[in-house]
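Secondary and tertiary structure notes
The primary structure of each chain is shown beneath.
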Amino acid sequence: MNNPLFTGVCTALVTPFLNGEINYPMVERLIARQMEAGVHAIVVCGTTGESATLSDAEKLELISRSKKFAGKDCLIIAGTGSNATEHTVRLSKAAEDAGADALLIVSPYYNKATPEGLMQHYSAAAFSVKLPVILYNVPSRTGVDIPVAVYKQLSSVSNIVGVKEASTDLGKVLAIRAECPENFHVWSGNDDLTVPILSIGGVGVVSVLSNLYPELTQAMTAAALDGDFDTAAALQIQFQPLIRALFSQVNPIPVKAAMNLLGFDCGPCRLPLTMPSSKLMQQLQAAMKRAAQF
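Residues numbered from 1 in each chain as written. Predicted model: local features only at pLDDT ≥ 70, side-chain atom pairs only at ≥ 80, totals over all residues. Heavy atoms only, no water.

A closer look at the overall build of the protein
Heads up, the rule is: To qualify as a helix, a DSSP run of H or I must reach at least 4 residues; to qualify as a strand, a run of E must reach at least 2; elements of each kind are numbered from the N terminus. Using C-alpha atoms as the atom set, the radius of gyration is obtained and then compared with a globule rule of 2.2 Å times the number of residues to the power 0.38. For every residue, the accessible area obtained with a 1.4 Å probe (protein chains only) is divided by the maximum for its type, and the residue is called buried under 20%, exposed over 50%, and partly exposed between those limits. Residue burial considers only the protein chains on display, and all accessible areas are found by Shrake-Rupley using a 1.4 Å probe. A positive count includes Lys and Arg, and a negative count includes Asp and Glu. His and the chain ends are not counted in either. The location of each charge is read from NZ of Lys, CZ of Arg, CG of Asp or CD of Glu.
Along its length, the protein carries 12 helices and 10 strands. Against the globule reference of 19 Å for 294 residues, the protein gives a C-alpha radius of gyration of 18 Å, in line with a compact fold. C-alpha atoms of the protein, sized along the principal axes, occupy 45 × 45 × 35 Å. In the protein, which comprises 294 residues, the proportion classed as buried is 56%. Accessible surface for the protein amounts to roughly 12,200 Å². Of this, 54% is attributable to carbon and sulfur atoms. Computing the positive centroid from 22 side-chain charges and the negative centroid from 25, the protein places the two 4 Å apart.

A short note on the sheet that holds strand 4 (residues 41–44)
Put simply, the rule is: A strand pair is defined by DSSP finding two or more bridges across the two strands. Fitting a line to C-alpha atoms yields each axis, with helices limited to the stretch in contact; the angle taken between N-to-C directions then spans 0 to 180 degrees. We call two residues in contact when some of their heavy atoms are within 4.5 Å.
Read once around its circumference, the closed barrel built from 8 strands follows the order 1-4-5-6-7-8-9-10, with strand pairing classed as parallel. Between one strand axis and the next, the sheet turns by 25 degrees as a mean value, whatever way the strands run. Across 4 bridges, the pairing between strand 8 (residues 160–165) and strand 9 (residues 185–188) is parallel. Looking at strand 9, one finds that Val163 is bridged to Val186. Lying over the sheet, helix 7 (residues 170–179) contacts strand 7 (133–137), strand 8 and strand 9, oriented at roughly 170 degrees with respect to strand 8.

Side note on the packing of helix 9 (residues 214–225) against helix 10 (residues 229–246)
Definition in use: Working rule for handedness: look at the near helix, and if it is turned counterclockwise from the far one by less than a right angle, call the crossing left-handed; if clockwise, right-handed. When residues are sorted by character, Ala, Val, Leu, Ile, Met, Phe, Trp, Tyr, Cys and Pro go into the nonpolar class, Asp, Glu, Lys and Arg into the charged class, and all the rest, Gly among them, into the polar class.
At a minimum axis distance of 7 Å, the contact between helix 9 and helix 10 shows a crossing angle of 145 degrees. Pair helix 9 / helix 10 crosses with left-handed handedness. Two secondary-structure elements touch here, helix 9 through Leu216, Thr217, Ala219, Met220, Ala223 and Ala224 and helix 10 through Phe229, Thr231, Ala232, Leu235, Gln236 and Phe239. Residues of the contact of helix 9 with helix 10, tallied by class, amount to 9 nonpolar, 3 polar and no charged.

A word on the pattern of salt bridges
Threshold: Only one rule defines a salt bridge in this text: a Lys or Arg side-chain nitrogen within 4 Å of an Asp or Glu carboxyl oxygen.
Using the criterion set out here, one finds 9 salt bridges in the structure. With a closest N to O distance of 2.7 Å, Lys67 and Asp101 form a salt bridge. With Lys67 in helix 2 (residues 56–70) and Asp101 in the loop between helix 3 (85–97) and strand 6 (102–106), this pair connects stretches of sequence that are 34 residues apart. Taking the shortest distance from any N to any O, the salt bridge between Asp145 and Lys172 comes out at 2.6 Å.

Details of the pairing of strand 10 (residues 204–207)
Rule in force here: A right-handed crossover is one whose linking path, passing over the helix from the first strand to the second, runs clockwise when the strands point away from the viewer.
Alternating residues of strand 10 divide into Gly204 and Val206 and Val205 and Ser207, and every residue in both groups is buried. Sheet topology places strand 1 (residues 8–12) next to strand 10; 4 bridges connect them, and they run parallel. Its bridge partner being in strand 10, Gly8 is matched across the sheet by Gly204. One crossover worth recording links strand 9 to the parallel strand 10 by way of helix 8 (residues 194–199), and it is right-handed.

Examining helix 3
Defined as follows: One less than the residue count of a helix, multiplied by 1.5 Å, gives the span that helix is expected to have.
Helix length check: helix 3, at 13 residues, gives a terminal C-alpha distance of 18 Å against a target of 18 Å (1.5 Å per residue), a fit within 8%. Packing partners of the buried residues in helix 3 comprise helix 2, strand 5 (75–79), strand 6 and helix 4 (115–127).

Details of the packing of aromatic side chains
Quick reminder of the rule: Think of it this way: a Phe, Tyr or Trp ring, Trp meaning its six-membered ring, pairs with another when their centres are within 6.5 Å, and the plane angle makes it stacked under 30 degrees, edge-to-face over 60, tilted otherwise.
In total, this model carries 3 aromatic pairs according to the counting rule given. Judged by centre distance (4.9 Å) and plane angle (25 degrees), the ring pair of Phe6 and Trp187 falls under stacked. Pair noted here: Phe6 is in the segment before strand 1 and Trp187 is in strand 9, with a separation of 181 residues, a long-range link. Owing to a relative accessible area of 6%, Phe6 belongs among the buried residues under this scheme.

Details of the environment of Asn159
Using the following cut-off: N or O atoms closer than or at 3.5 Å make up a polar contact, with two conditions inside protein: a donor-capable atom paired with an acceptor-capable one, and, for residues adjacent in sequence, both atoms drawn from side chains.
By the element assignment, Asn159 lies in the loop between helix 6 (148–154) and strand 8. Judged by relative accessible area, which is 7%, Asn159 ranks as buried. Residues Asn159 and Ala102 lie 57 residues apart in sequence; the distance between their C-alpha atoms is 9.6 Å. Of the polar contacts made by the side chain of Asn159, one reaches the backbone oxygen of Ala126; its length is 3.0 Å.

Here's the deal with unusual backbone geometry
Backbone torsion omega between Asn251 and Pro252 reads 10 degrees, so that peptide bond is classified as cis. Along the chain, Pro252 falls in the loop between helix 10 and helix 11 (253–261). Following Leu271, the chain continues into Pro272 via a peptide bond in cis, with omega recorded as 15 degrees. Looking at where Pro272 falls in the secondary structure, it is placed in the loop between helix 11 and helix 12 (278–291). Positive phi values are uncommon outside glycine, yet Thr168 reaches one of about 70 degrees. Secondary-structure assignment places Thr168 in the loop between strand 8 and helix 7. By relative accessible area, Thr168 is classed as exposed at 52%.

Here's what the structure looks like:
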């Protein structure tokens, strides 16, 4: 697996709800919109998709339906991580059976595993499936930052293909690139650092922003990957106020509100996530107006 699983944009798709249930006609509409924009990879059941409040049965149906709709033209990457290794293994196997093309596995949250625990957790999950596995490092959510030494060890597992790095530490990305083999790829997990990470060897982004503007997010990453950093940087700067708004309250409260503003009725988030504040709605409207003017 020397080539990246994907380059450029992978959209961390919101999960639309209607009357408390997953709104599958809207799921298909959202996937079709991403594919029309040239996005060839989508994460379902991730943080932005409210995985923490989806049951396993809901996750597997969402994975299955998404893959059947997307067909061969778009990768469906399933979030299957949990804070219990046995549960992660079981859900990863089930996601493979449901048709997922790859897995995105977040570090165990709350229990704060040791480096050895992280090694054993990720190895167990990867060995249980044949699918490509992307590690997901997001210390702000999990309470633990995967050390570069653990990446280096895990890179020897044949189907672990890289990491969605959401630590906000560019120095760490440089260390990953220096210490890990070339076929262990880095994807940005932060929209505000997409272009900086691509400039030091990252191959793409798992994006919240691209829910709203897939074409422009795709254009930004394409420019950076082509070495046109003037264009890429201009887009990154243009998007910064919107990206700040999208993370001014906990994700995915802002992005679902923004999708609703765009006319995609994705419904509210499930509790314990609540409705956006009026201040956030004003911030989003202003930032979206600016972003759309590029």
